[in-house]
Amino acid sequence: MPSTTKRQGDGTIIVSPSNESLQSATVIICHGLGDSSEGFVDVAEHLATQMPYAKFILPTAKTQKVTMNMGMAMPSWYDIVGLDKRSNEFCNGIEESQQRIEQLLKDEHANLGVPYDRMVLAGFSQGGALSLYTGMQLPSKLAGIVVMSGYLPHESGFNIANGLQDTP
């Protein structure tokens, strides 16, 4: 079953079944620091050949200054001030990115009827950290969360929502 790839003006790329009525699952893949949705489009297109019922949404983080990288502006889900545990508590912008990912999930559920237990959040590095931070604090349980080379950001502000402790 072939898929189609569409690029939106905000940098989001959507890989969906050519016959959208066959969609029964959604996978959101968040890129790492300094990358964009383009960095994972080939992965999504390959996965679509194996999962023809799934829609893949690849958002691109907004461009902002990253303190750890000498204030250089780049696509980033939130600011990173350092690599030590204490620095990891200051993640300016993480709530905004969390809300953006949550809205993508809500839209899939409300507009297309995709159940939350047929949705997966995935991400690499900073995108994996955002996926973990977002997915474990949702009001509904997802099918799973995939964290590739990630970590838990803003640990002091993180609370696993009731019923999500066994999320794969």
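Scroll up a little and you will see the structure.
The text that follows walks through the structure, step by step, so that each part is easy to find. (Residues numbered from 1 in each chain as written. Predicted model: local features only at pLDDT ≥ 70, side-chain atom pairs only at ≥ 80, totals over all residues. Heavy atoms only, no water.)

## Some thoughts on unusual backbone geometry
- Despite not being glycine, serine 125 shows a phi value in the positive range, around 55 degrees.
- Structurally, the position occupied by serine 125 is in the loop between strand S7 (119-124) and helix H3 (126-135).
- Here serine 149, not a glycine, exhibits a phi torsion of approximately 55 degrees, which is positive.
- Inspection of the secondary structure assignment puts serine 149 in the segment after strand S8 (144-148). (Helix = DSSP H or I, 4+ residues; strand = E, 2+ residues; numbered from the N terminus.)

## Considerations on the environment of serine 21
- Relative to the helices and strands, serine 21 is located in the loop between strand S2 (13-17) and strand S3 (25-30).
- Residue serine 21 is classed as exposed on the basis of its relative accessible area, which comes to 63%.
- Along the backbone, serine 21 and leucine 112 are 91 residues apart, and their C-alpha atoms lie at a distance of 9.2 Å.
- Here the side chain of serine 21 touches asparagine 19 through a polar contact of 2.6 Å, side chain to side chain. (Buried < 20%, exposed > 50% of the residue type's maximum accessible area, 1.4 Å probe, protein only. Polar contact = N/O pair within 3.5 Å; in protein donor to acceptor, adjacent residues only side chain to side chain.)

## Let's talk about the packing of helix H2 (residues 94-112) against H3
- As a packed pair, H2 and H3 sit with axes 10 Å apart at the nearest point and diverge in direction by 70 degrees. The angle between H2 and H3 places the two elements in the roughly perpendicular class. Residues Ile94, Glu95, Ser97, Gln98, Ile101 and Glu102 of H2 form the contact with H3, whose own contacting residues are Leu130, Tyr133 and Thr134.
- Grouping the amino acids of the contact of H2 with H3 by side-chain chemistry returns four nonpolar, three polar and two charged. (Axes fitted to C-alpha atoms, helices over the stretch in contact; angles between N-to-C directions. Parallel < 35°, antiparallel > 145°, perpendicular 65-115°, else oblique. Contact = heavy atoms within 4.5 Å. Nonpolar A, V, L, I, M, F, W, Y, C, P; charged D, E, K, R; others polar.)

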